[in-house]
Amino acid sequence: MNNKFKIRPANSSDVSFIAEAIIEAEKSGTNILVYSKVYEIEEPVFKVLLEKMLLEDIEGQEFCLSSFLIIEENQEKAGCCSAWVEGANGMSSWFIKSNLLATFIPNENLQKAANKSKLLSQVYIERTLGAIQIEAVYVRKKFRGKGYSKILITEQARNLKTKNNNLSNIELIVASNNTIAIKTYEKIGFSKTIEKK
């Protein structure tokens, strides 16, 4: 492994990279961004909206700038990872994110989404209250194979456990068709507990 990496908290200059990372993580190795399908918004337009949501920096869900760690190699952004404790602020991540989306997605696109209950059910993910949530794990292609996902996940877990002594559960949600990510997470020590179809 290259010893020239550095981990740091994300800041406002990272917003475009983090939005790119969230989109690529959501696509799970496909060309399909569920948010684009549900809201009938082109990916570049959704990326701009996502950048605005990130800048709101609302804790407790994955569209929060301060929940991200960035890993750099030779001062180039190589990857990132988001983490939070589910329900730590008294609200579910789904509730917070839903309100954020409703604030930034244009009304006409929200109305289009209302007719897609099946697609919306695919976006909904039930999370365990009080568990560390790992989300949007992303490493750029040229930096893959160096263990950066494991480093980011481990650092996020360590940071949150240090701040919250009683935490023991860590959840990571991944699409079942993203076999590369699943193998990576299994190597780290995660195991499948629930599969949603």
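The structure under discussion appears in the preceding block.
Residues numbered from 1 in each chain as written. Predicted model: local features only at pLDDT ≥ 70, side-chain atom pairs only at ≥ 80, totals over all residues. Heavy atoms only, no water.

Helix and strand counts for the protein chain stand at eight helices and five strands. Sequence-ordered secondary structure for the protein chain, helices as α and strands as β, is β-α-α-α-β-β-α-α-α-β-α-β-α. Looking at the protein chain as a whole, 43% of its 197 residues qualify as buried. Of the contacts formed within the protein chain by residues at least 6 apart in sequence, a portion of 74% connects residues at least 24 apart. Accessible surface computed for the protein chain: about 11100 Å², of which carbon and sulfur atoms make up 50%. (Helix = DSSP H or I, 4+ residues; strand = E, 2+ residues; numbered from the N terminus. Buried < 20%, exposed > 50% of the residue type's maximum accessible area, 1.4 Å probe, protein only. Contact = heavy atoms within 4.5 Å. Areas by Shrake-Rupley, 256 points an atom, 1.4 Å probe, with all protein chains shown as cover.)

Relative to the assigned elements, Q156 resides in helix α7 (residues 148-163). Classification of Q156 as buried rests on a relative accessible area of 5%. There is a polar contact of 2.7 Å between the side chain of Q156 and the backbone oxygen of C81. When residues no more than four places from it in sequence are discounted, the contact partners of Q156 are S67, F68, L69, C81, S82, A83 and I134. (Polar contact = N/O pair within 3.5 Å; in protein donor to acceptor, adjacent residues only side chain to side chain.)

Take α7 next. With 16 residues, α7 should reach 22 Å at 1.5 Å per residue; the first-to-last C-alpha distance of 23 Å fits that figure. Among the residues of α7, Y148, S149, I151, L152, I153, Q156, A157 and L160 are the ones counted as buried. (Expected span 1.5 Å × (residues − 1).)

Put simply, helix α1 (residues 15-27) and helix α3 (residues 43-56) touch, their axes get as near as 9 Å, and they point 120° apart. Classified by the angle between their axes, α1 and α3 sit oblique to one another. The two elements α1 and α3 cross, and the hand of that crossing is right-handed. Touching V15, S16, I18, A19, E20, I22, I23, E24 and K27 of α1 are E43, F46, K47, L50, E51, L54 and L55, all from α3. Across the contact of α1 with α3, the residue classes break down as nine nonpolar, one polar and six charged. (Axes fitted to C-alpha atoms, helices over the stretch in contact; angles between N-to-C directions. Parallel < 35°, antiparallel > 145°, perpendicular 65-115°, else oblique. Left-handed = near helix turned anticlockwise from the far one by under 90°. Nonpolar A, V, L, I, M, F, W, Y, C, P; charged D, E, K, R; others polar.)

This next bit is on the side chain of E86. The residue E86 is located in the loop between β3 (76-85) and α4 (93-104) in this model. Separated by 3.0 Å, the side chains of E86 and W84 make a polar contact. With near-sequence residues (within four places) excluded, E86 lies in contact with S92, S93, R127, T128, L129, G130, A131 and Q133.

Turning our eyes to something else, we now look at α4. One full turn of an α-helix is made of 3.6 residues, so residues set three or four places apart face in the same direction. For α4, spanning 12 residues, the distance from its first C-alpha to its last is 17 Å, which sits close to the expected 16 Å at 1.5 Å a residue. Where α4 is buried, its residues meet α2 (34-39), α3, β3 and α5 (107-114).

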